[in-house]
Amino acid sequence: MKITELLDIEYPIFQGAMAQISTADLVGAVSESGGLGIIASGGMNVEQLRSEIRKVRAMTSKPFAVNLMLMMPGVDDLVDLIIEEDVKIVTTGAGTPKGFMPKLKAANIKVIPVIPNVNIAKKMEALGCDAVIAEGFEAGGHIGSVSTMVLVPSVAEAVSIPVIAAGGIAVGAEMAAAFALGAQGVQCGTVFLASKECPVSFAYKQQVLNANETSTVVTGTTLGHPVRAISNTLTSQYLMLEREGASQETLENQTVGSFTKAVVDGDIENGTLMSGQSAGLVSEIKSVKEIIETLMHDANRIVSNLVIG
């Protein structure tokens, strides 16, 4: 079954779950425009998530999802809330959904984990997950180690459930390529940072627009938790500390509150400007509807005009 039929969505476009960013304003706009909006529940308590779910429902009657960071404290209560609020789609990260699968499937909830390699994709299929999001290291935020170009066809060949391609996808040509690699849909994050509905500071959006394909760096590799963000004073200081062998405590203290500084305060030098390499392909602020329709139109146009040989 196609992912659009499985989830009852118009377009095979997921909006990435970005903590503090993927809230009702963005999620509702994506779902109403035919994609799959995804609430990022990371950092939320039960009542905060309940509020976001109900705000989205006030904006659209179309399907949306909630993302669960499975190693987060209190995730059990969030699962119960999702069932109570009759949310029908869940994406997951930072852990395995194994312990929650009986409860989620009993509630007829579609479960779609984000995965970084083939081995984990196979395990998710064996658990009974409905699809997987194969996210390459081109993505913004927390990343794996395999490129989208290699990861997606490897996963598509290894599992029989639908594969959603993620990481570095911001334009129609990349969406068309993802389908050629075996994906049934795409997940985009960075391109939605530059949407009119995205709740990040204007200064953050402007840095995405100003970026080129080499503007992002990866920090946190020495801790085993690599994060991709736009290069600035904070990332330069952090990378210097990593090279000097700084302790985990020192490195963690370096970034305390830094994401909020970027998202809310617009501090482009001391905030963490999480972004994928695809920022280099984002050149203007558009509405969510324009972004989704342009992706679909350009991908279809490129596929129809494609000539090989």
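Residues numbered from 1 in each chain as written. Predicted model: local features only at pLDDT ≥ 70, side-chain atom pairs only at ≥ 80, totals over all residues. Heavy atoms only, no water.

S.K.: What's the story with the packing of helix H6 (residues 118-127) against helix H7 (residues 148-158) in this structure? I'm lost.
M.R.: Between two packed helices, both the angle of their axes relative to each other and the distance between the axes serve to describe the pair. Relative orientation of the contacting elements H6 and H7 amounts to 35°, with a least axis distance of 9 Å. For the element pair H6 and H7, the recorded crossing hand is right-handed. On H7, the residues that touch Val-118, Ala-121, Lys-122 and Glu-125 of H6 are Leu-151, Ser-154, Val-155 and Ala-158. (Axes fitted to C-alpha atoms, helices over the stretch in contact; angles between N-to-C directions. Helix = DSSP H or I, 4+ residues; strand = E, 2+ residues; numbered from the N terminus. Left-handed = near helix turned anticlockwise from the far one by under 90°. Contact = heavy atoms within 4.5 Å.)

S.K.: In this structure, what is going on with the sheet that holds strand E11 (residues 227-230)? I would like to understand it.
M.R.: Spatial strand order, E7-E11-E10: three strands in an open sheet with antiparallel pairing. Two strands lie at the open edges of the sheet, namely strand E7 (141-142) and strand E10 (216-219), each paired on one side alone. By the bridge criterion, four bridges tie E10 to E11 in an arrangement that is antiparallel. Counted as the bridge partner of Thr-216 is Ile-230 from E11. Helix H11 (residues 233-243) rests against E10 and E11 of the sheet, and its axis sits at about 40° to E10. (Pairing = 2+ DSSP bridges.)

S.K.: Sorry if this is basic, but what is going on with the packing of helix H8 (residues 172-180) against helix H14 (residues 288-305) here?
M.R.: At a minimum axis distance of 7 Å, the contact between H8 and H14 shows a crossing angle of 60°. Of the possible angle classes, the one that applies to H8 and H14 is oblique. In the crossing of H8 with H14, the sense of the turn from one axis to the other is right-handed. On H14, the residues that touch Gly-172, Ala-173, Met-175 and Ala-176 of H8 are Leu-295, Met-296, Asp-298, Ala-299, Ile-302 and Val-303. Here the contact of H8 with H14 is composed, by residue class, of eight nonpolar, one polar and one charged. (Parallel < 35°, antiparallel > 145°, perpendicular 65-115°, else oblique. Nonpolar A, V, L, I, M, F, W, Y, C, P; charged D, E, K, R; others polar.)

S.K.: Got a minute to help me understand the nonpolar core in this structure?
M.R.: Among soluble globular proteins, nonpolar side chains are generally buried collectively. By size, the foremost hydrophobic cluster in this structure holds 76 residues, and its most contacted members are Ile-13, Ile-21, Ile-39, Leu-49, Val-155, Phe-192 and Tyr-204. Top element by residues in this core is H14. It accounts for six residues. The residues touching Ile-13, leaving out its near neighbours within four places in the chain, are Gly-35, Leu-36, Met-175, Val-186, Phe-192, Ile-292, Leu-295 and Met-296. Judged by nonpolar contacts, the second largest core, of 14 residues, contains Ile-89, Ile-112, Ala-131 and Ile-133. (Core = buried A, V, L, I, M, F, W, Y, C linked by side-chain atoms within 4.5 Å. Buried < 20%, exposed > 50% of the residue type's maximum accessible area, 1.4 Å probe, protein only.)

S.K.: Looking at this structure, I do not really get unusual backbone geometry. What am I missing?
M.R.: Generally, phi is negative for residues other than glycine and the peptide bonds are trans, each holding for most cases. In this structure, Asp-86 takes a positive phi of about 60° despite not being glycine. Owing to a relative accessible area of 43%, Asp-86 belongs among the partly exposed residues under this scheme. Within the chain, Asn-108 stands out as a residue other than glycine whose phi angle is a positive 60°. Here Asn-108 lies in the loop between helix H5 (101-106) and strand E5 (110-115). Residue class for Asn-108 comes out exposed when judged on its relative accessible area of 51%.

S.K.: Is there a simple way to explain the environment of Thr-60 in this structure?
M.R.: Along the polypeptide, Thr-60 turns up in the loop between helix H3 (46-59) and strand E3 (64-69). Within polar-contact distance, the side chain of Thr-60 engages the side chain of Glu-32 at 2.6 Å. Side-chain polar atoms of Thr-60 contact the backbone nitrogen of Lys-62, separated by 3.0 Å. (Polar contact = N/O pair within 3.5 Å; in protein donor to acceptor, adjacent residues only side chain to side chain.)

S.K.: I keep staring at the side chain of Ser-22 and nothing clicks. Help me out?
M.R.: Along the chain, Ser-22 falls in the loop between strand E1 (13-15) and helix H2 (24-32). Residues in contact with Ser-22, not counting those within four places in the same chain, are Gln-15, Gly-16, Ala-17, Val-27, Ile-38, Ile-39 and Ala-40.

S.K.: For this particular structure, what's the right way to read the sheet that holds E3?
M.R.: Neighbouring strands of a sheet are bound in pairs by backbone hydrogen bonds; such pairs are parallel or else antiparallel. Spatially, eight strands are ordered E1-E9-E8-E6-E5-E4-E3-E2 in an open sheet, and the strand pairing comes out parallel. A single partner strand is all that each edge strand has here, and the edge strands are E1 and strand E2 (37-40). Strand-to-strand twist of the sheet, defined as the mean angle between neighbouring strand axes without regard to direction, takes the value 25°. In this structure, strand E4 (residues 89-93) lies alongside E5, joined through four bridges in parallel fashion. Along E5, the bridge assignment pairs Ile-89 with Lys-110. Helix-sheet contacts for H6 involve E5 and strand E6 (132-135), and the interaxial angle to E5 is about 170°.

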